[in-house]
Each structure stands twice: as C-alpha cells, then as structure tokens.
Amino acid sequence: MPALASHRKPRTRVRTTTPAVGLTTAALASVTLLSTQSATAAPSEPKPGIEEVQKKVDALYRQAGTATQEYNKAKGASADQRSKVDALLEAAAKRADKLNETRRELGNYAAAQYRSGSIAPTATFFLADDPQSYFDQDQLMARMTSQQQKTVADFRTQQKEAAAKRVEATKSLETLTESQETLRTSKQQVQTKLTEARSLLSKLTAEEKARLAELERKKEAEAERKAEELARQQAAAEEKAKEEAAKGEAGTGTETGGTGSGSGYATKAEKVLAFARAQIGKPYVWGATGPSSYDCSGLTQAAWKEAGVDLPRTTWDQVEVGTRVATADLQPGDLVFFYDDISHVGIYKGDGMMIHAPKPGANVREESIYYMPIYGSVRPA
C-alpha cells in the first residue's frame, strides 16, 4: 500500500533580528556622538607660514631690543639714585654729628651751672631734649652770654637741617625702590620676548629652517644692493664737491669743509671705527657694555668714549646728542638709528655699511644700514 503524503506544514524557522538591530543602534549612536564631538571641538590652529614666523621672530627681537633700552635706562637711573641716597645719608650723618657736638656744648654750660651750686632756668634750657619750647622766653635768652646764645642758635639751625636731610633721604630711598622695580620688570620683559622667539624657532623643521635662512639671505642681498646704491651716490656727490672746491680754491690755497668733514671729526671717527672693528665677532648680550660683549648702544657708547666723547647709555638719549644728518650725508663715525621706537643703533663706516651689535644669538658685525628701517642719524661731535 502506498504511503500517504503528510499534510503537516513544514516548520518555518524564524530568525530573530534583535541583536542586529541593537548593533546598528549602537553604531549609529557612536557615529552621532563622534559627529557631535567633531562639530563642537575647536578647530586646530593652522601652522604659521615661514614668512609669518620670520615676521614674528623679528618683531620679538625688536621688542626685546626696546625692553633692553628700558632696562639700560632703569639701570642708569637706579645707579644714579643709589649715589644720591648714599650722599644724602652721609650728609644726614654729618648733620647728626654736628647736632650732637652742639648738644654736648650746651650740656657743658649746664654742668658749669650745676657745679656753681644750683640748676638755674638756663641750665634747664640747656638740658632739655627740645630747647625749641624755650626760644620765646626773652628773659631767659637775655641772661645768656652771647656765646651761649650763638650755640643755641646753631643748635636750632642744625636740628632743622638734620630733619630736612632725613626727609630728603627717605624720599630718595623710595625713588630708588621704584627704579629697582622698573629694572626688574624690564629684565623680565627682555627674557620673556627672547624665550618666545627661541620657542618659535625651535619648532621649525630642518626644511623650514632652510627656507627661513633663504629669506634672510634675500633680505640681506636687498639691503646690500641699497647700500651699494648709496655708496655710488655719495661717491658722485663727493667728487662733485671736490671739483667745485677746486674751482673756488684756485690760487687761494685754502681748504673748506662742511660739518663733520674737517680733520677734527675725521680723526675722532677713525678712533671710533678702529675700536668698533676690534669688537667684531664678540657676542651681543643685552645690557652689556663690554669689553667681552655688547648690546647696540653699549657698543656705540664704548666706541665714542675711545674718541673722548661721552655718550649717554640708551639709544633714546644718544639720538639727542650732536647734529642730525640726512642718510645721503652720512659720514664714517655717524650714528644711525632704527625703527620708529629708536630701539637700535649702529656706527656708520661708509659705503652704506655700519658696524653694530645686532641681536641675541648674533655677534658684532658689519651690515648694510638698510637691513632695518632707518629712523634717523646723528653726528655726535
């Protein structure tokens, strides 16, 4: 008998999708979270270009130069104030000695009256800590000898002078404290700016450093080109001046020359430049005045001192010394100042070139005066 077919429906296997749904939900949640974090996170700052780094570093070195001049100014003021305070304290001590000497003399008068047998009102006056309260007693003053009256008058004057000196010394000490605080602040500013500049340079790759060096070479080449042009102009002007002078001096045997072109200035300038050349290769150190290192105004001050001219310490004061001259009229020995804040100075050596102490990390060297923006120039003597 043939087998009967089964009428039971085959079982359908139901596949659950719950785990898949859960995984998809978690993945979506993760994507959403990451998207949200990416949207809210601050965008990273783009790395500055090498030209921008160069500008920032140059600006930081210039700001450090300005702070160096502030430091030099504060250091000079502090030293001057210290000398003034010492002088005032010494003067106050001398006043006190004179006051004590007069007090002893008054005491001798009182002792003499005591030995005579009684303490008279006059002796009470002599022994008082403050004889001032007795000065209006005319009868008492009348009973003194002229010498005693003079001693009392001297005592009164010396008291006032001693008190005045003490007050002056106290005020001077307060000023000294302020100068010293300015000195500390200026020193910190210099150090901060230099640290920032070094930090920027330290982050450069080898390739970026090479590109920065190339930018510096281009800057130097352009500055030298301008210096050569100035040298040609000055040579042409000098030749023309000689021709005109020769025409004017024909048959007279006299010699003429403008300010700074006479033998007196030229002799001093030779000494200045000889000293400056001898310093080439020595390091720039902010606040230094030699002999092993210099900052810019320390070098110019030391060089001109060699020629017998005492210049002030800072660029801001040096620019006020002597006669202002145009760039086209520069002569060896003249001082050339740079930047709007007059924070740098060099010694003109001729042909558009100068000798200067450039910046931290560099040595005293010759360089075109067009390497930095010129503020103005002076002839110190």
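Every value quoted in this text rests on a predicted model; they were computed, and no experiment measured them.

J.: Describe the nonpolar core, listing the residues and the values that go with them.
T.: The biggest cluster of nonpolar side chains holds 43 residues, and the ones touching the most others in it are L194, V272, W286, W304, L335, F337 and I347. Elements with a minimum of two residues in this core: helix 2 (50-115), helix 5 (146-202), helix 6 (206-249), helix 7 (263-278), helix 8 (296-306), strand 2 (335-338) and strand 3 (344-350). Considering each element in turn, this core owes the most residues, nine residues, to helix 2. Aside from chain neighbours lying at most four places away, what touches I347 is V272, L273, A276, T300, A303, G333, D334, L335, M353, M354 and I355.

J.: Hey, could you go over the pattern of salt bridges for me, with residue numbers and the actual values?
T.: A side chain of one charge can pair with a side chain of the opposite charge if their charged atoms are brought near each other. Inspection of the entire model under this criterion finds twelve salt bridges. Among the ionic pairs, E52 bridges to K56, the shortest N-O distance being 3.5 Å. You can see E52 and its partner K56 sitting in helix 2, four residues apart, about one turn around the helix. Of the charged contacts, one joins D295 and R313 as a salt bridge, the two residues approaching to 2.9 Å between their closest N and O atoms.

J.: For the pairing of strand 6 (residues 374-379), give the residues involved together with the corresponding values.
T.: On a regular strand, one side chain projects to one face of the sheet and the next to the other, so that they alternate. Bridge analysis of strand 1 (residues 323-325) against strand 6 gives three bridges, and the strand direction is antiparallel. Considered in strand 6, the bridge of T323 is made with R379. Relative to strand 6, strand 2 runs antiparallel, the two being bridged by four bridges. Among the inter-strand pairings, V336 is bridged to a residue of strand 6, identified as S377.

J.: For the confidence of the model for the protein, give the residues involved together with the corresponding values.
T.: Predicted coordinates in regions of low pLDDT should not be interpreted in detail. Chain-level pLDDT for the protein is 79 on average; 73% of the residues reach the 70-or-more range. For residues 1-41, every residue scores under 50 in pLDDT, and the model assigns this stretch zero contacts once sequence neighbours within four places are set aside. Counting interchain partners and residues more than four positions distant, the pLDDT-below-50 stretch residues 136-140 has four contacts.

J.: For helix 7, give the residues involved together with the corresponding values.
T.: Taking 1.5 Å as the rise per residue, helix 7 with 16 residues should run 22 Å; its terminal C-alpha atoms sit 23 Å apart, in good agreement. Of the positions making up helix 7, those classed as buried are Y265, A269, V272, L273, F275 and A276. Seen end-on, helix 7 carries its buried residues on one side only, within an arc spanning 160 degrees. Away from the buried face of helix 7 by more than 90 degrees, exposed residues S263, E270 and A278 are located. Each element contacted by the buried residues of helix 7 is listed here: helix 8, strand 3, strand 4 (353-356) and strand 6.

J.: Can you tell me about helix 8, naming the residues and giving the values?
T.: Burial of helix 8 is extensive: eight of the eleven residues sit out of reach of the surface. G308 sits one or two residues past helix 8 and shows a positive phi near 85 degrees.

J.: Please give an account of the sheet that holds strand 2 that cites residues and values.
T.: An order of 1-6-2-3-4-5 is seen for the six strands of this open sheet, with the pairing classed as antiparallel. Bordering the open sheet on either side are strand 1 and strand 5 (365-368), each of which pairs with just one other strand. With strand direction ignored, the average angle separating the axes of adjacent strands in the sheet is 40 degrees. Inspection of the sheet shows strand 2 paired to strand 3 by four bridges, in the antiparallel sense. From the neighbouring strand, F338 faces strand 3, where its bridge partner is H344. Lying over the sheet, helix 7 contacts strand 3, strand 4 and strand 6, oriented at roughly 115 degrees with respect to strand 3.

J.: Hey, could you go over the environment of A269 for me, with residue numbers and the actual values?
T.: In this fold, A269 is placed in helix 7. Sequence-wise, A269 and I347 are 78 residues apart; in three dimensions their C-alpha atoms are separated by 9.6 Å. Not counting residues within four places of it along the chain, the set of residues in contact with A269 comprises P332 and G333.

Criteria and thresholds
Residues numbered from 1 in each chain as written. Predicted model: local features only at pLDDT ≥ 70, side-chain atom pairs only at ≥ 80, totals over all residues. Heavy atoms only, no water. Core = buried A, V, L, I, M, F, W, Y, C linked by side-chain atoms within 4.5 Å. Buried < 20%, exposed > 50% of the residue type's maximum accessible area, 1.4 Å probe, protein only. Helix = DSSP H or I, 4+ residues; strand = E, 2+ residues; numbered from the N terminus. Contact = heavy atoms within 4.5 Å. Salt bridge = Lys/Arg side-chain N within 4 Å of Asp/Glu carboxyl O. Pairing = 2+ DSSP bridges. pLDDT = per-residue confidence, 0-100. Expected span 1.5 Å × (residues − 1). Arc of directions from axis to C-beta. Axes fitted to C-alpha atoms, helices over the stretch in contact; angles between N-to-C directions.

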